Amino acid sequence: MGLPWIGRLLLFMQLVHGVFCWGKYGHYAVCKIAEGHLSEDAMGTVKKLLPNWAKGELASVCSWPDDIKWNYNWHWTSSLHYVGTPNFKCNYKYYRDCYDSAGHKNKCVTGAIFNYTKQLFSAYQGYNPRLKYNLTEALMFLAHYMADVHQPLHVGFTGDLGGTGIKVGWYRRKTNLHHVWDTMIIDTAVKTFYGSDLSSMIQAIQRNITDAWSQDKSSWEYCIHDNTVCPNLYASESVRLACKFAYRNATPGTTLQDDYFLSRLPVVEKRLAQGGIRLAKVLNQLFSFQVKIGRSSR
Ligand SMILES: [Zn+2]
């Protein structure tokens, strides 16, 4: 007997959405880079919030929202990993674009970043400690979605599901464009340039942050109006990069090889760096005790 229609629909949605995420390497890299830029206060609070199974390492829990999203109880989170823009529009607008497939507003990656930042803010910087949020989950979601919003095709066109609908070849393998950006570019780089060792790639990115990109770091951390986090800016950058680099020369049926890989890898590495630096900046601000003392004394 076949699956009932609801079962088939859920299966289809899993197939469609299952690839909507930086792979495990991407999430691990963003969180590892962030860990290296956390203040002492922030690191202390992060360690207190982490579940036991994290063994004190933020990076080890950063793929958790991907692991749980197909569990029935967590299904509501599946639209929080991305945001779609209208077809061929290389810009992003919160009020136009941030909704889920049922049309519920704010149910997208940028909405999720605002939401979990607010939850942590209210607990650590705000005035309402009686609000009952699960702050461990808030931290793990925030760390995950901060990375997702930096993957250019997490802010891709709705018509092709952020590149998932564009079937391409990656060297000898068949895949889709979204998966190339989530996983294949990083995997191929780790194998080709870093002796199959992800930590070597992360170290190379960290060296770039203190060297070639050191002038850019403070501009990455900047948020308009001194906001704690600015996901709308990160999403706008992503869709521009999606148009300029991800979709370009990657029409359906194309086989992507060295030309594409070598020209896009620097974009991926920079987005991992920006995601990590910005995640650290948000956590440093949220978990800064100085700010709290300063405010409460006013
Ligand atoms: Zn995700």
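In this numbering scheme, every chain counts its residues from 1 along its sequence in written order. pLDDT decides what is reported in this predicted model: residues at 70 or higher carry local features, side-chain atom pairs at 80 or more are listed and counted, and totals for whole chains, interfaces and linings draw on all residues regardless.

Named according to an unreviewed UniProt entry, the chain is Aspergillus nuclease S1 originating from Hibiscus trionum. UniProt positions are given in the numbering used here, feature names are shortened, and annotations may be inferred rather than shown by experiment. Of the chain, the UniProt comment under Catalytic activity (unreviewed entry) reads exactly: "Endonucleolytic cleavage to 5'-phosphomononucleotide and 5'-phosphooligonucleotide end-products." In the Sequence similarities (unreviewed entry) part of its UniProt record, the chain is described as follows: "Belongs to the nuclease type I family."

Caption draft 1: Focus on the pairing of strand S2 (residues 173–176). One requirement defines pairing of two strands: DSSP has to find at least two bridges between them. Where helices and strands are cited, they refer to DSSP runs of H or I of at least four residues and of E of at least two residues respectively, numbered from the N terminus. Of the strand pairs in this sheet, strand S1 (residues 167–170) and S2 are connected by 4 bridges, and their pairing is antiparallel. Each bridged residue has a counterpart across the sheet, and for lysine 167 the counterpart in S2 is asparagine 176. The turn joining S1 and S2, which pair antiparallel and follow one another in sequence, is formed by 2 residues; a positive phi near 55 degrees is taken by tyrosine 171.

Caption draft 2: Spatial organisation of the pairing of S1. Here exposure depends only on C-beta density: within 10 Å of a residue's C-beta, 20 or more other C-beta atoms make it buried, 12 or fewer make it exposed, and intermediate numbers make it partly exposed, the C-beta atoms being placed from the backbone. By the alternation rule, side chains of S1 split into Val168 and Trp170, which are all buried, and Lys167 and Gly169, of which none is buried. In terms of strand pairing, S1 meets strand S3 (residues 255–256) through 2 bridges, oriented parallel. Bridged to tryptophan 170 within S3 is leucine 256.

Caption draft 3: Main features of the nonpolar core. The biggest cluster of nonpolar side chains holds 70 residues, and the ones touching the most others in it are Leu142 and Leu283. With 10 residues, the top contributor of residues to this core is helix H12 (residues 258–286). With C-beta atoms placed from the backbone, a contact is any residue pair whose C-beta atoms sit within 7 Å. Non-local contacts of leucine 283, meaning those with residues more than four positions away in its chain, are made with Ala34, Leu38, Ala42 and Val46. By convention the nonpolar core is taken to be a set of buried residues drawn from Ala, Val, Leu, Ile, Met, Phe, Trp, Tyr and Cys and joined through C-beta atoms within 7 Å.

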